[in-house]
Amino acid sequence: MNEKSIYIIGAGISGLVAAIELEKAGYYPVILEAQGEAGGRVQTLEVEGYLLDKGFQVLLTAYPEIRRYLDLEALELKKFKSGAIIFRPGSTFAIHDPMRDPIKGVAMAFSQVGTLLDKLRLYRLTKKLKAKSTDLIFSSAESSTLDYLKNAGFSKRIIENFFAPFFTGIFLETELSTSSRMFEFVFKMFAEGFASVPAKGMGQITAQLLAQLNHTQIRYHTPVSGVKKNQILLADGNTITADEIIIATAHGTLTGHPEETFHQVTNLYFTLQQSFIGKPMIGLVTDDKFLINNLAFMTDVSPDYAADGRALLSVSVVKNVTGIENLEELIALELEVLSGISASYFQHVKTISIPRALPCIEDLKNWIPPQHVKLYDHVYLAGDHMLNGSINAAMTSGRLAAEALIAGE
Ligand SMILES: Cc1cc2nc3c(=O)[nH]c(=O)nc-3n(C[C@H](O)[C@H](O)[C@H](O)COP(=O)(O)OP(=O)(O)OC[C@H]3O[C@@H](n4cnc5c(N)ncnc54)[C@H](O)[C@@H]3O)c2cc1C
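From a predicted model like this one, the values you see are computed outputs, not experimental measurements.

Asker: Just checking my understanding: could you explain the overall build of the chain for this structure?
Answerer: In terms of regular secondary structure, the chain is built from 15 helices and 21 strands. Whereas a compact globule of 409 residues would reach a radius of gyration of roughly 22 Å, the chain reaches 22 Å, a difference of no more than 12%. For the chain, the C-alpha atoms occupy an extent of roughly 65 × 45 × 40 Å along the three principal directions. By the burial criterion, 57% of the 409 residues in the chain qualify as buried. Treating the 37 positive side-chain charges of the chain as one cloud and the 44 negative ones as another, the clouds have centres 8 Å apart.

Asker: Can you help me understand the packing of helix α5 (residues 116-131) against helix α9 (residues 180-192) in this one?
Answerer: When two helices pack together, their arrangement is captured by the angle between the axes and the distance separating the axes. Where α5 contacts α9, the axes come no closer than 9 Å and their chain directions differ by 95°. Put simply, α5 runs roughly perpendicular to α9. Of the residues in α9, those touching α5 at L122, L125, T126, K128, L129 and K130 are F183, E184, F187, K188, A191 and E192. When the residues that make up the contact of α5 with α9 are grouped by side-chain class, the tally is six nonpolar, one polar and five charged.

Asker: Teacher, can you tell me more about empty space enclosed by the protein here?
Answerer: Over the atoms, a rolled probe matching the size of one water molecule traces out where space is still vacant. Under the defined criterion, the tally for this structure stands at one cavity of 30 Å³ or more. Roughly 100 Å³ of volume is contained in the largest cavity. Residue lining of the largest cavity: F80, K81, S82, G83, M99, R100, F166, F190, G193, F194, A195 and I282, and that is the complete set.

Asker: Looking at this structure, I do not really get the sheet that holds strand β6 (residues 77-79). What am I missing?
Answerer: Sheet strands pair by backbone hydrogen bonding; their relative direction is either parallel or antiparallel. The strand order across the open sheet built from three strands is β5-β9-β6, with neighbouring strands paired in antiparallel fashion. Each of the sheet's edge strands pairs with one partner strand only, and the pair in question is β5 (59-60) and β6. As judged from the two bridges shared by β5 and strand β9 (residues 195-198), these two strands associate in the antiparallel manner. Each residue of the ladder has a partner; that of L60, found in β9, is A195.

Asker: It is not clear to me how the site of the ligand should be interpreted in this structure. Could you clarify?
Answerer: Every one of the 35 residues lining the ligand counts as a neighbour, but S14, E33, R41, Y63 and D384 are closest to it. Here an oxygen atom of the ligand sits 2.7 Å away from a polar atom, N or O, in the side chain of S14. Contact between the ligand and E33: an oxygen atom at 2.6 Å from a side-chain N or O atom of the residue. When isolated, the ligand has an accessible area of 1,000 Å², and the protein chains bury 89% of it. For the shell around the ligand, the secondary structure elements donating two or more residues are α1 (13-24), β19 (347-359) and α15 (391-407). In terms of residue count, β19 provides more of the shell around the ligand than any other element does, three residues in total.

Rules used throughout
Residues numbered from 1 in each chain as written. Predicted model: local features only at pLDDT ≥ 70, side-chain atom pairs only at ≥ 80, totals over all residues. Heavy atoms only, no water. Helix = DSSP H or I, 4+ residues; strand = E, 2+ residues; numbered from the N terminus. Rg over C-alpha atoms; globule rule 2.2 N^0.38 Å. Buried < 20%, exposed > 50% of the residue type's maximum accessible area, 1.4 Å probe, protein only. Lys, Arg positive; Asp, Glu negative; His and termini not counted. Charge placed at Lys NZ, Arg CZ, Asp CG, Glu CD. Axes fitted to C-alpha atoms, helices over the stretch in contact; angles between N-to-C directions. Parallel < 35°, antiparallel > 145°, perpendicular 65-115°, else oblique. Contact = heavy atoms within 4.5 Å. Nonpolar A, V, L, I, M, F, W, Y, C, P; charged D, E, K, R; others polar. 1 Å grid on protein atoms, 1.4 Å probe; cavity = no way out; pocket = protein on both sides within 12 Å on 5 of 7 lines; lining within 4 Å. Points joined across faces, edges and corners; volume = space filled by probe spheres on them. Pairing = 2+ DSSP bridges. Near = heavy atom within 4 Å. Polar contact = N/O pair within 3.5 Å; in protein donor to acceptor, adjacent residues only side chain to side chain. Areas by Shrake-Rupley, 256 points an atom, 1.4 Å probe, with all protein chains shown as cover.

In structure tokens form, the structure reads like this:
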């Protein structure tokens, strides 16, 4: 055992991975976590027998970092079918495999979302990004995703009907202003693997990381209010002196640096007698007048999401709906227009607002050198905001912080 006292602030994915790496090196770290449970943004609530992920999210099976930390088989991953169901008032159609095999997969309905040239451009893009390494993607020149798509020659039609709603749901912003590096990375991940969820919810990812910790103490309900040199100031007024600290969350407010900014999202869960999609596919709403961005029947992907056999519907709203009092009713009415099923049949289970969902990052990366992980002597930084907003990046950042600490860099 290494006697150094190491404190990690935050038991999200990055903090848990940092602890796993530190344990491997013989340390016995302590995690200080503000909430009553681990996982941060990757948690699943159980409400009335329904499994509700705290925000619709998926694990992309092609993420390189997950193989280091997750036993994918034990997670019993359930895959979404590639592509999307496009919902418009009065018409609904599926586009299959636009990012995996656009030539073979994209069916007749493609003519409703794009042109023949778009199909060929998708094919070219898929081929190019499959061959482009992740490192090269993250060192390429950046533009907004919208400019990237325009420069790649995609038509306004396919941008509005497919790329915009699909990537709005991933980037959690409506302008496609997110860096083209993230677009290329996510597109590559979709082309090379599948979007999936563990059979019993995304929280299983957290549970699997937790189960790998044997010598880590987690102190829940312990919010930290500041870090000065090697002193941790707790919100209850106590101070801890540590040999080494990893701040595994946005650190601006804790260290007096500029506060990080985030994209927000609102996630609403409803149940229905039966799914109106009927297959494990993500539904996209392309009409900008709607609040709904995307929807998915979680029970179409994994029946375990509902104990009573009803269909569990997850609806994501990326537009800012703070202060709308009758939001659930409005969303149920939108669902009626999209599905033709009376709003009264949609039983609301829960609404989850996530104000700090994805970090807004200007210079997206997938790796940083050890000296950039170190804030100053004895204090290291982790969290997705260091790299890019994904589970993959959160894991990498936790590993890099632990490696830098262990190496004393
Ligand atoms: C709605 C939504 C959809 C997403 N979709 C995807 C997706 O499809 N695929 C994907 O790969 N990623 C997705 N993500 C992103 C992914 O969930 C995150 O990148 C990842 O979980 C971040 O982990 P983290 O450890 O960096 O941060 P966090 O999960 O934020 O963990 C930080 C932890 O620190 C704790 N903490 C914060 N401040 C303090 C303090 N002062 N004192 C003590 N503890 C503190 C917090 O309570 C939290 O537990 C999504 C996220 C959201 C919210």
